[in-house]
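Residues per chain, in single letters:
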Amino acid sequence: MPPAAVNVDRLRELFTKPYGMPAPTEEQWRELYDENVRFKDPTQERQGIKAYVEAQDGLMRRCDDVYLTPGAIAVEGDTAFVEWEMGLKIKGIEFVYPGTTRLLFNTEGKVEDHRDYFDFVGPTFEPVPVVGGFVRWLYKRFVD
């Protein structure tokens, strides 16, 4: 069961990063994340807090800037869901990814499993000339 410190307001704070503002520090991640946290998103899978922090820092280094804006947040028992929108500015192009994070808490109330769900391909390649047209065509083949 997560401690009282892990509530909707605390998660909203952690999942809010406007353009131009610093990302959470390693110390802030360690306050809420277990030493052996598992992290998975559509682009990578990491194990341990050191690898998780390196993944977050790597994203910040690869981008000119990053924003994260939370939407709906739900906490029930040892599970939380955070709906969000992330924007990445890379070489003058902005990529926007809507997504959701599922967090599982251990008995000490720290995040032991962090799973991000979002469409990486569409927002990444749709703005690219030629490739974007192919991605849109491919997506339509699966839904029409």
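Procedures and definitions
- Residues numbered from 1 in each chain as written.
- Predicted model: local features only at pLDDT ≥ 70, side-chain atom pairs only at ≥ 80, totals over all residues.
- Heavy atoms only, no water.
- Helix = DSSP H or I, 4+ residues; strand = E, 2+ residues; numbered from the N terminus.
- Buried < 20%, exposed > 50% of the residue type's maximum accessible area, 1.4 Å probe, protein only.
- Contact = heavy atoms within 4.5 Å.
- Areas by Shrake-Rupley, 256 points an atom, 1.4 Å probe, with all protein chains shown as cover.
- Lys, Arg positive; Asp, Glu negative; His and termini not counted.
- Charge placed at Lys NZ, Arg CZ, Asp CG, Glu CD.
- Salt bridge = Lys/Arg side-chain N within 4 Å of Asp/Glu carboxyl O.

A. The arrangement of the overall build of the protein in detail. What the protein contains, in helices and strands, is 5 helices and 6 strands. In terms of overall dimensions, the protein has a C-alpha envelope of 50 × 35 × 25 Å along the principal axes. Within the protein, the proportion of its 144 residues that are buried is 40%. The long-range share in the protein, meaning contacts at least 24 apart out of those at least 6 apart in sequence, stands at 48%. Roughly 8600 Å² of accessible area belongs to the protein as shown, and the carbon and sulfur atoms make up 56% of that amount. On the protein, the mean spot of the 18 positive side-chain charges and the mean spot of the 25 negative ones are 6 Å from each other.

B. Spatial organisation of the pattern of salt bridges. Counting across every chain of the model gives 9 salt bridges. A salt bridge links Lys 50 to Glu 54; its shortest N-O distance comes to 2.9 Å. Of the two residues, Lys 50 and Glu 54 are both situated in helix 3 (residues 49–62); the distance of 4 residues between them amounts to about one turn of the helix. The exposed category is assigned to Lys 50, whose relative accessible area is 57%. Judged by relative accessible area, Glu 54 falls into the partly exposed class, the value being 39%.

That is the geometry; function is a separate question.
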